[in-house]
Amino acid sequence: MNEIICPNCKKTFKVDEAGFADILKQVRDHQFEEEIKNRLNLAEREKEDAVKLAEANVKNTFQEQLANKDREIAAKDKKLTELKAESDLTLTERLNEKLAEITKLEATIKNADVAKQLAVTEAVQKVEKERDKFANDVATKELEKQNLESSLKQQYSTELKAKDEQIAFYKDMKAKLSTKMVGETLEQHCEIEFNKLRATGFQKAYFEKDNDSSSGSKGDYIYREADDTGNEIISIMFEMKNEGDETATKKRNEDFLKELDKDRTEKKCEYAILVSLLEADNDYYNSGIVDVSHKYPKMYVVRPQFFIPIITLLRNAAMNSIQFKAELAMVKSQNIDITNFEEKMNKFKEGFARNYDLASRKFKDAIDGIDKTIKELEKTKAALLSSENNLRLANEKTEDLTIKKLTHGNPTMKEKFDELNSKQ
């Protein structure tokens, strides 16, 4: 759309491309006609001015010549005749020149008419050419639109047919299997799909059934992957759910989310994913990968065809943050080391305090024992000192003892000692 301002009322109004082109054409034609008209009027005025100028010049010349002739009439009649002839010739030439100029101007006007017609023809041809081009563009765009619509309809029809066939396949499969067999088949399907890519895309990944029911419940599968240094890249708790069409009580996906979140937390998995064929007619779950993190953290619900894509998406996102996880693991390790050190220090302090208390009590007992021993030793010392005094006295008595004293008053002992001395 184009905006045009009215020169009189100064209001702005909008016209489409066709109206604008028509107005532009009218303005151009009007300007061209005005210019031609002005040029014709200018030529006409120049023509009239030239005739008037010529007439004035001729009149002045005649008057001058008549004055000369009046002065020379008396003497030069012949000269007058010659001058008259010459004047007639000059006038004729001037008139011929003016006529030539008039003819030239008429030719210019005629050429201007031709140029105007040519310009109008060229403008019309240009507009027609642009109109034809625009019409061709419109036809081309319309054809492209039809081809695109046809292609999209065909693609949609093919995809819809494939979806219908897939739905029919699952419905047929569910009709032939019991509820338990349907669930087991879904688990087997996911395990087979994973094993197809295990050797090429998941060499370092752990993907096994969750057999630990010590907490009262367990999931179906656990996926874990770590880097070369042992830092965990990603971990996922999987639950596979399905039921046959003949099942009396239809389960909903929401019925399993709380238990799945509990299993994820207990098994220390980062993500939880419910692979489900429940609520087959629910467009919310049929749209692709459904994020239910607004109810339970880091949890998704997917159809079986998105089993591998959801692992790939979460794994790629985790790989991008592995450096931060490694740094976080290092910080956690440092925190654990500090915690262990503090625990050991506290244990040492507690043990040292306990041992110090025991040693202190033993030391006190030992000191008390030593004190008792000292008292006993002092008693023994006193006894020994007393014994030493008695021994001294005894020694003195011994030294003072002689044979003479021993035999005094004892004739038998005196006799024996005398015999002993005589034998020596």
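Residues numbered from 1 in each chain as written. Predicted model: local features only at pLDDT ≥ 70, side-chain atom pairs only at ≥ 80, totals over all residues. Heavy atoms only, no water.

1. Observations regarding the overall build of the protein chain
Okay, step 1: Helix and strand content of the protein chain: nine helices and eight strands.
Okay, step 2: For the protein chain, restricting intrachain contacts to residue pairs at least 6 apart in sequence, the fraction spanning at least 24 positions comes to 57%.
Okay, step 3: Approximately 31,400 Å² of the protein chain is accessible, and the part contributed by carbon and sulfur atoms is 56%. (Helix = DSSP H or I, 4+ residues; strand = E, 2+ residues; numbered from the N terminus. Contact = heavy atoms within 4.5 Å. Areas by Shrake-Rupley, 256 points an atom, 1.4 Å probe, with all protein chains shown as cover.)

2. Considerations on helix H4 (residues 257-266)
An α-helix turns once every 3.6 residues. As a result, residues three or four positions apart point the same way.
Okay, step 1: Taken as a whole, H4 has its buried residues at Leu257, Leu260, Asp261, Asp263 and Arg264. One side of H4 carries all its buried residues, which in axial view fall inside an arc of 160 degrees.
Okay, step 2: Looking at the packing, one finds that the buried side of H4 touches strand S5 (232-241), strand S6 (271-276) and strand S8 (299-302).
Okay, step 3: Backbone geometry just downstream of H4 places Lys268 in the positive-phi region, at approximately 55 degrees. (Buried < 20%, exposed > 50% of the residue type's maximum accessible area, 1.4 Å probe, protein only. Arc of directions from axis to C-beta.)

3. A closer look at the packing of aromatic side chains
Okay, step 1: Here the structure, examined in full by the defined rule, presents nine aromatic pairs.
Okay, step 2: Consider the rings of Phe194 and Phe202, whose centres lie 4.9 Å apart with planes at 25 degrees: the pair is stacked. Of the two residues, Phe194 and Phe202, both sit in the buried class.
Okay, step 3: Each ring, one from Phe207 and one from Phe238, has its centre 6.1 Å from the other, and the planes form 80 degrees; the classification is edge-to-face. (Phe/Tyr/Trp six-rings, centres within 6.5 Å; stacked < 30°, edge-to-face > 60°.)

4. A look at the nonpolar core
Okay, step 1: One finds Tyr223, Phe238, Ile273 and Phe307 to be the most contacted residues of the largest nonpolar core, which totals 26 residues.
Okay, step 2: Of all the secondary-structure elements, those providing two or more residues to this core are helix H3 (179-201), strand S3 (205-209), strand S4 (221-226), S5, S6, S8 and helix H6 (307-320).
Okay, step 3: Broken down by element, the residue count for this core peaks at six residues, all from H6.
Okay, step 4: Setting aside residues up to four positions removed in sequence, Ile273 forms contacts with Ile236, Met237, Phe238, Glu239, Leu260, Tyr300, Val302, Ile310 and Leu314. (Core = buried A, V, L, I, M, F, W, Y, C linked by side-chain atoms within 4.5 Å.)

5. A closer look at the pattern of salt bridges
Okay, step 1: As enumerated under the stated definition, the model contains 13 salt bridges in all.
Okay, step 2: We note a salt bridge from Glu193 to Lys196, for which the minimum N-O separation is 3.2 Å. Of this pair, Glu193 and Lys196 both sit in helix H3, three residues apart, which is roughly one turn of the helix.
Okay, step 3: Under the relative-accessibility criterion, Lys196 is labelled exposed at 56%. (Salt bridge = Lys/Arg side-chain N within 4 Å of Asp/Glu carboxyl O.)

6. A short note on the side chain of Asn253
Okay, step 1: Looking at the secondary structure, you find Asn253 in the loop between S5 and H4.
Okay, step 2: A distance of 2.4 Å separates polar atoms of two side chains, one belonging to Asn253 and the other to Ser276.
Okay, step 3: Aside from chain neighbours lying at most four places away, what touches Asn253 is Leu274, Ser276, Leu278, Glu279, Tyr285 and Val301. (Polar contact = N/O pair within 3.5 Å; in protein donor to acceptor, adjacent residues only side chain to side chain.)

7. Looking at the confidence of the model for the protein chain
Okay, step 1: Looking at the protein chain, the pLDDT average stands at 75 and 67% of residues meet or exceed 70.
Okay, step 2: By mean pLDDT, the top-scoring element of the protein chain is S8 (95), and the lowest-scoring one is helix H8 (residues 403-407) (60).
Okay, step 3: The low-confidence segment residues 176-181 (pLDDT under 50) makes nine contacts with residues lying over four places distant or belonging to another chain. (pLDDT = per-residue confidence, 0-100.)

8. Considering the sheet that holds S4
Okay, step 1: Taken in spatial order, the six strands make up an open sheet running S3-S4-S5-S6-S8-S7, and their pairing is mixed. Sheet topology places S3 and strand S7 (290-291) at the edges, where each strand pairs with a single neighbour.
Okay, step 2: Bridge count for S5 against S6 is six bridges, and the pairing is parallel. When the sheet's bridge partners are listed, Met237 is paired in S6 with Ala272.
Okay, step 3: Lying over the sheet, H4 contacts S5, S6 and S8, oriented at roughly 140 degrees with respect to S6. (Pairing = 2+ DSSP bridges. Axes fitted to C-alpha atoms, helices over the stretch in contact; angles between N-to-C directions.)

9. Observations concerning unusual backbone geometry
Okay, step 1: Despite not being glycine, Lys268 has its phi angle at roughly 55 degrees, a positive value.
Okay, step 2: Structurally, Lys268 is set in the loop between H4 and S6.
Okay, step 3: Not every positive phi belongs to a glycine, and Glu279 is a case in point at roughly 50 degrees.
Okay, step 4: The class of Glu279 is partly exposed, set by a relative accessible area of 24%.

10. Some words on H6
Okay, step 1: With 14 residues, H6 extends 21 Å between its outermost C-alpha atoms, agreeing within 8% with the 20 Å of an ideal straight helix rising 1.5 Å per residue.
Okay, step 2: All buried positions along H6 are accounted for by Phe307, Ile308, Ile310, Ile311, Leu314, Arg315 and Ala318. Each buried residue of H6 lies within a common arc of 160 degrees when the element is viewed along its axis, so the set occupies one face. Of the exposed residues in H6, the ones pointing more than 90 degrees away from its buried face are Leu313 and Asn320. (Expected span 1.5 Å × (residues − 1).)

11. Concerning the pairing of S4
The side chains of a regular strand alternate, residue by residue, between the two faces of the sheet.
Okay, step 1: Of the strand pairs in this sheet, S3 and S4 are connected by five bridges, and their pairing is antiparallel. The residue bridging Glu208 from the neighbouring strand is Ile222, located in S4.
Okay, step 2: Judged from the six bridges that link them, S4 and S5 form a sheet pairing that is antiparallel. Residue pairing in the sheet places Ala226 in a bridge with Glu232 of S5.
Okay, step 3: Between the antiparallel neighbours S4 and S5 lie five residues, among them Gly230 with a positive phi of about 95 degrees.

12. What about the environment of Arg224?
Okay, step 1: On the secondary structure map, Arg224 appears in strand S4.
Okay, step 2: Separated by 46 residues in sequence, Arg224 and Glu270 place their C-alpha atoms 9.4 Å apart.
Okay, step 3: Arg224 has contacts with Lys204, Ala205, Tyr206, Glu232, Ile234, Ser235, Lys267, Lys268 and Cys269, leaving out every residue within four places of it along the chain.
Okay, step 4: One polar contact links the side chain of Arg224 to the main-chain carbonyl oxygen of Lys268, over a distance of 3.5 Å.

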